[in-house]
Structure formats: C-alpha cells, structure tokens
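Survey of secondary and tertiary structure
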Amino acid sequence: MGLGSENDQKKTARSHGPHFDMNPQTPVLRISQLDALELDSALEQLVWTQFSLCFQNCRPGFLTPLEPELRVLLHLLLWRFTLYSNSATVGQSLLSLRYHSKFSLSPRYRPLSPRQKLGLAVLTAGPLWLQERSHRLLPYLGLSSQGSGSERESGLLHQGLRNALTLVAGIVKFTNLINFLVFLRNGRHPILAERITGAQTVFSKPNVAREVNYKFMNRELLWHGFAEFLIFLFPLINTKKLKATILSAVFGGERASGEGAREGQELWKECGLCGEWPTMPHTVGCQHVFCYYCIKSHSIADPYLTCPKCGAEAGQPKLVKLEVEMTDR
C-alpha cells in the first residue's frame with residue numbers, strides 16, 4: 001500500500017508539474033493558433049507605444065530614422081524573455097500552448113532547440129526589417145563610379161536590383177498565401193517561419209477547453225449591426241428639411257411670421273448657406289438668396305436640396321435681378 005501510494009504521488013506530481021508531456025499529435029484549434037499570433041502582435045504594438053512615449057517631449061519624427069531597427073530590437077527582447085526561455089510566446093502562454101520540435105523523432109514532447117528558436121526570430125523579424133529598409137539598401141548594393149557610362153550602368157544595376165526585390169517580395173507573399181491555405185486545411189503552421197524551422201504548436205496542459213464569452217460576442221455583434229444600420233440610414237435622411245420641419249412645428253406661425261418680416265428687410269444682406277454678403281446672388285424658388293457658388297456646390301452634392309431657412313424644395317438656381325432706383329439728393 002505504501003509503495004502504491006508513493007507511486008501515485010509521483011505520477012500526480014509529474015502530471016501537474018511544468019514538465020508534463022502532452023501528446024504532440026493532439027490537434028490544436030486553428031482559431032487558437034491565430035489568436036496567439038494576434039496577441040503577440042498586440043503585445044509588440046503595446047511595448048512600442050510605451051517605448052515611444054518616453055520620447056514624446058523630443059522633436060517630432062525623432063525616432064522615425066531608426067524605427068525599423070528599434071522595432072527589431074524590441075522584438076528580439078520579447079523573444080529572449082518569452083520564446084527563448086520556455087518555447088512559448090506570450091500569446092501561446094495565455095492560451096495554454098507552446099512550440100514542439102517537429103524534427104524530433106520521439107513521439108513525446110520535445111522543446112525547440114536554440115537553433116530553431118533563433119531561426120524563428122530571424123525569419124519573423126528579418127523580412128519586416130528588410131521590407132522597410134530595402135529603399136535605403138539599394139544605393140549601397142550598387143557600385144557607383146565616375147563617368148557617364150558608369151552612371152548609366154549604375155542606374156541599370158539599381159533598376160535591376162529593385163525589380164529583383166519586387167519579384168522576391170511577390171514570391172514571398174505568394175508563398176505565405178499558399179502556406180496559409182495549407183494551414184486552413186491541415187491546421188498546422190499558420191506562418192511560413194514555423195514550417196521552415198519545424199516549430200509546431202501543441203497544448204501545454206491537458207484537457208484545455210476554449211471558453212468563449214458569448215455576452216461579449218453578442219454585444220459586439222449588436223453594436224456592429226447597429227453601426228452598419230446607421231451608416232446605411234443617415235445618407236437617406238434629409239437633415240436640413242427635417243430640422244426646418246421640426247422648428248416650424250415647435251415654434252408655430254409666430255416665429256415664421258416674425259422671421260419673414262425680418263428676412264424681408266434683410267433679404268439681400270446675407271447668404272442662406274454661408275451667412276455672408278451674397279456674391280452673385282441666386283434664388284432657388286423661395287424668398288431667400290444664396291451665393292452662386294454656395295447653392296451650386298450644395299445642389300451638386302445633394303440632388304434633393306431644400307432651403308435651410310424655410311425648408312422649401314430647391315429648384316434650379318436663378319440669378320436675382322435687382323432694380324435700383326436713382327434719386328436726386
């Protein structure tokens with residue numbers, strides 16, 4: 001009995017210890033792997049935001065010349081204290097995942113070798129840095145010398161290098177697309193760097209169930225649907241006419257008659273749209289006057305334009321003819 005209980009305690013300690021071996025053949029949900037990548041990207045962006053806040057009192061654009069190198073440096077720092085330490089990124093640790101060496105012939109779990117970890121870091125940060133620095137690397141790759149002929153050859157060399165980099169970038173993007181399609185089919189290696197280095201995502205704990213907060217999902221779906229409904233509805237509402245109708249219904253005919261008397265006296269003193277002295281005054285069928293460019297631009301932008309003063313439907317702009325009577329003083 002004592003020997004059996006001791007063995008049971010050892011098995012329990014081993015199963016709950018940090019070195020418990022999960023079966024690497026247990027499939028991991030595709031959405032969990034993609035969520036881990038998104039969490040890692042969000043962490044890098046958060047670290048970069050906090051780092052850039054340290055230089056907010058410096059002149060604008062102080063970090064711009066060295067931004068690619070600084071981002072790579074922060075990426076390597078995160079790699080050193082996460083992936084290099086326990087074969088798992090921050091996003092994978094939050095989702096109870098980790099990397100398993102696919103090159104190992106053993107059926108049990110094997111962590112990544114230092115060479116695999118280094119290769120994963122280089123293949124993840126290297127292409128991004130090269131893409132941002134390619135325009136500055138081209139002048140250093142071309143051999144420049146004196147003479148018009150050499151300048152022409154240098155220009156042809158730069159153009160050839162630029163075309164070669166464009167071709168390589170296109171091939172890499174196409175390869176990433178093919179790799180992602182293969183990932184959607186078999187559920188392994190969402191990024192090409194993992195496939196090249198042999199890093200496979202596996203569970204780090206047994207019986208891990210993915211919990212989904214349906215309250216949060218329903219709230220997000222509700223607000224997204226409501227926002228899309230408002231975006232579709234607002235362009236169909238004539239807000240100016242609605243505002244004029246509400247004002248006339250609330251204040252009644254007294255305000256309308258008072259405004260009519262006042263506007264009759266100051267009819268030619270301000271534009272109904274911009275409020276300034278009307279330039280090339282035009283009317284649209286009511287008693288109000290507008291600048292030609294104001295009413296023309298608004299009528300082009302809104303085919304169902306109404307007068308913002310009285311709410312009348314706007315017709316074609318017509319030039320206002322003024323009759324001036326000269327009297328002797």
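Residues numbered from 1 in each chain as written. Predicted model: local features only at pLDDT ≥ 70, side-chain atom pairs only at ≥ 80, totals over all residues. Heavy atoms only, no water.

**Quick look at the side chain of threonine 197**
Applied cut-off: Where helices and strands are cited, they refer to DSSP runs of H or I of at least four residues and of E of at least two residues respectively, numbered from the N terminus. Each polar contact in these results corresponds to two N or O atoms within 3.5 Å; when the atoms are within protein, one needs to be able to donate a hydrogen and the other to accept it, and residues that are neighboring in sequence are counted only if both atoms are side-chain atoms. Any two residues whose heavy atoms approach within 4.5 Å are treated as being in contact.
Relative to the assigned elements, threonine 197 resides in helix H8 (residues 192-197). Separated by 3.5 Å, the side chain of threonine 197 and the backbone oxygen of glutamate 194 make a polar contact. Not counting chain neighbours up to four residues away, the residues in contact with threonine 197 comprise Phe103, Gln116, Gly119, Leu120 and Leu123.

**Some points on the nonpolar core**
Put simply, the rule is: Here, nonpolar core refers to any group of buried Ala, Val, Leu, Ile, Met, Phe, Trp, Tyr and Cys residues whose side-chain atoms link them within 4.5 Å. Per-residue accessibility, obtained with a 1.4 Å probe over protein chains only, is compared with the maximum for each type, and a residue is labelled buried under 20%, exposed over 50%, and partly exposed between these values.
Counting nine residues, the largest nonpolar core consists of Cys271, Val284, Cys286, Phe290, Cys291, Cys294, Ile295, Leu305 and Cys307. If near-sequence neighbours (up to four positions away) are discounted, cysteine 307 is found in contact with Cys286, His288, Phe290 and Ala312. Counting residues in each nonpolar core, the second largest holds eight residues, with Trp79, Tyr99, Leu120 and Ala121 among its members.

**Digging into the UniProt feature "domain: RING-type" (unreviewed entry) in the protein**
This is how it is decided: UniProt positions are given in the numbering used here, feature names are shortened, and annotations may be inferred rather than shown by experiment.
In this structure's numbering, the residues bearing the UniProt feature "domain: RING-type" (unreviewed entry) are residues 271-310. Helix makes up 25% of residues 271-310 and strand 5%. Its end C-alpha atoms lie 13 Å apart.

**Concerning the pairing of strand S2 (residues 199-203)**
Spelled out, the test is: Pairing between strands is defined by DSSP: at least two bridges between them are needed.
Burial runs high along S2: five of the five residues are buried. Going residue by residue along S2, you find Ala199, Thr201 and Phe203 tucked away on one face and Gln200 and Val202 tucked away on the opposite face as well. In terms of strand pairing, strand S1 (residues 97-101) meets S2 through five bridges, oriented antiparallel. Bridge pairing in S2 links serine 101 to alanine 199.

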